[in-house]
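A closer look at the structure
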Amino acid sequence: MRTAQRTAAGALLGVGVLGLLLFSLGRANAWQALGGGLVVSGASAVLGGALGFLFGVPRVRGTAGGEPPHGSYVPNTNLEQVSDWLTKVLLGVGLTQLGSLGERLHQLGSALAPALGGGEGAVPFAAALVLYFLVLGFLAGWLVTRLALPQVLSDADQALDLFLAGQDRDRRGDKVGADDLRVRAMQHLGLLGGSADRADDLARQLPPSAATGPASVVAEVRSTARRSALTADQVRALFEDGSEGRRIQALALMQGDPALADLASVLDAIEHPRSGFEQYHALLAARGLLSRLPAAEAQRLRDAVAARLVAPDGIPYGSDRSWLAEKILSRLEATAFVPPQPGPVADPVEPQQAPEHS
């Protein structure tokens, strides 16, 4: 379907450009006619695209009962109002001038004919050229606005809500949850790649949840970690069970309560992950441990993360994992690993020789 759509769009554009090229070849100044025709075509397409955008601007969906929309802010609808007003004005003016449309097109063609080299046939061709690319630009602008703009605005709204929720988590001291929400916000904006590969397989291995998707299940497990009666040894045994679902559950518990975390398990999931999704949550668990690690263990974590960043089959650049890994390394680099300095060694005192007695 996409191939057919692109082929149709290319054919429509190609017909207009081919017609302009053939017309220019019959002019005395072919290059002048071609250049002028391209400028007229481009201007008509831009004007048509702007009109299509005005007609296709999406509306904010209101809530039932007149309640304010959910979310962290109220969307600005000025663009909708301007679009609605201009659409009505243009339609009103166009309908009143419909009877003189032929005369207006002839006047427009006469004004643009010199740009196409003048001569016989330049007036109707100029009018047809404007009309063709104006309609083509309008259709393109309207379709792009209707198909792409709602998704872009929706993703931006969701990303803003996630960023604000992340700031709220940060103020409450939940650094892991805050970073997870920031990563999801950047994924909505297309700034980071995701790590939820094999999502269907993971969903079958994780416990059922009212929310959909492995990420939502992990977030729910993380939120209940502090209320869990599990001990650190039990969480470690859950990780050592071997299945990817159990390992991710254990990592989610470690994220929610750093007291349950085990650095050896976190390092194993970072260095030998079963999937990118598991490695992502291992990095989140490591993020929650940064303030609790002694210098030697922090050095082990830094070496493991840095090695996976530079490895050819390691953490891919531009992914959510690389963002977390770089943040962990920046935090660890800010911590000074100063080895204990030995105390100053006193210079040996040479024994004083007894004075010689004569």
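In case you missed it, the structure is sitting above this.
In this text, all values refer to a predicted model and were calculated from it rather than measured experimentally.

**Some points on the overall build of the protein chain**
From N to C terminus, the protein chain includes 14 helices and zero strands. In the protein chain, the succession of helices and strands from N to C terminus is α-α-α-α-α-α-α-α-α-α-α-α-α-α. Considering the protein chain as a whole, with its 358 residues, one finds that 34% of them fall into the buried category. When contacts within the protein chain are restricted to residue pairs at least 6 apart in sequence, those whose partners lie at least 24 apart make up 67%. Surface exposure of the protein chain reaches about 21,500 Å², of which carbon and sulfur atoms provide 60%.

**Some details on the packing of aromatic side chains**
Applying the stated rule across the entire model yields three aromatic pairs. Judged by centre distance (4.0 Å) and plane angle (5°), the ring pair of Phe23 and Phe125 falls under stacked. Taken together, the positions of Phe23 in helix H1 (residues 2-25) and Phe125 in helix H5 (residues 122-171) put the pair 102 residues apart, joining distant regions of the chain. Centroid distance Phe55 to Phe138: 5.5 Å. Interplanar angle 75°. Geometry classified as edge-to-face. One end of the pair, Phe55, is in helix H2 (residues 30-56); the other, Phe138, is in helix H5, and 83 residues separate them in sequence. Residue class for Phe138 comes out partly exposed when judged on its relative accessible area of 25%.

**Focus: a nonpolar patch on the surface**
On the surface, Phe55, Leu90, Leu91, Trp142, Leu143 and Leu147 cluster together to form a nonpolar patch covering roughly 560 Å² of accessible area. Of all the secondary-structure elements, those providing two or more residues to the nonpolar patch are helix H3 (78-96) and H5. Sorting elements by how many residues they give to the nonpolar patch places H5 first, with three residues.

**Quick look at the packing of helix H9 (residues 232-239) against helix H10 (residues 244-256)**
Where H9 contacts H10, the two axes come as close as 7 Å, and the packing angle between them is 150°. For the element pair H9 / H10, the angle class is roughly antiparallel. From H9, Val235, Leu238 and Phe239 reach across to H10, where they touch Arg246, Arg247, Gln249, Ala250, Leu251, Leu253 and Met254. In the contact of H9 with H10, the residues fall into seven nonpolar, one polar and two charged.

**Remarks on the nonpolar core**
Grouped together as the largest cluster of nonpolar side chains are 44 residues, with contacts concentrated most on Met254, Val266, Ile270 and Leu301. Taken together, the elements giving at least two residues each to this core come down to helix H6 (175-188), helix H8 (214-223), H9, H10, helix H11 (263-271), helix H12 (276-289), helix H13 (295-310) and helix H14 (320-333). It is H12 that provides the largest number of residues to this core, a total of eight residues. Once residues within four sequence positions are removed from consideration, Leu301 is found in contact with Leu267, Ile270, Ala286, Leu290, Leu293, Ile328 and Leu332. Counting residues in each nonpolar core, the second largest holds 13 residues, with Leu34, Ala122, Val130 and Leu136 among its members.

**Some thoughts on the side chain of Arg247**
Relative to the helices and strands, Arg247 is located in helix H10. Not counting chain neighbours up to four residues away, the residues in contact with Arg247 comprise Leu238, Phe239, Gly242, Asp268, Ala269, His272, Arg274 and Glu278.

**Observations regarding the pattern of salt bridges**
Following the criterion strictly, the structure yields 17 salt bridges and no others. Taking the shortest distance from any N to any O, the salt bridge between Asp268 and Arg247 comes out at 3.3 Å. Residue Asp268 is located in helix H11, and its partner Arg247 is located in helix H10; the two are separated by 21 residues in the primary sequence. For Asp268, a relative accessible area of 26% gives the class partly exposed. Judged by relative accessible area, Arg247 falls into the buried class, the value being 4%. Ionic pairing is found between Arg247 and Glu278, a salt bridge with its closest N-O pair at 2.8 Å. Of this pair, Arg247 sits in helix H10 while Glu278 is found in helix H12, placing the two residues 31 residues apart along the sequence.

What counts and what doesn't
Residues numbered from 1 in each chain as written. Predicted model: local features only at pLDDT ≥ 70, side-chain atom pairs only at ≥ 80, totals over all residues. Heavy atoms only, no water. Helix = DSSP H or I, 4+ residues; strand = E, 2+ residues; numbered from the N terminus. Buried < 20%, exposed > 50% of the residue type's maximum accessible area, 1.4 Å probe, protein only. Contact = heavy atoms within 4.5 Å. Areas by Shrake-Rupley, 256 points an atom, 1.4 Å probe, with all protein chains shown as cover. Phe/Tyr/Trp six-rings, centres within 6.5 Å; stacked < 30°, edge-to-face > 60°. Patch = residues over 30% accessible without salt bridge, like charges linked within 9 Å, V, L, I, M, F, W, Y side chains within 5 Å. Salt bridge = Lys/Arg side-chain N within 4 Å of Asp/Glu carboxyl O. Axes fitted to C-alpha atoms, helices over the stretch in contact; angles between N-to-C directions. Parallel < 35°, antiparallel > 145°, perpendicular 65-115°, else oblique. Nonpolar A, V, L, I, M, F, W, Y, C, P; charged D, E, K, R; others polar. Core = buried A, V, L, I, M, F, W, Y, C linked by side-chain atoms within 4.5 Å.

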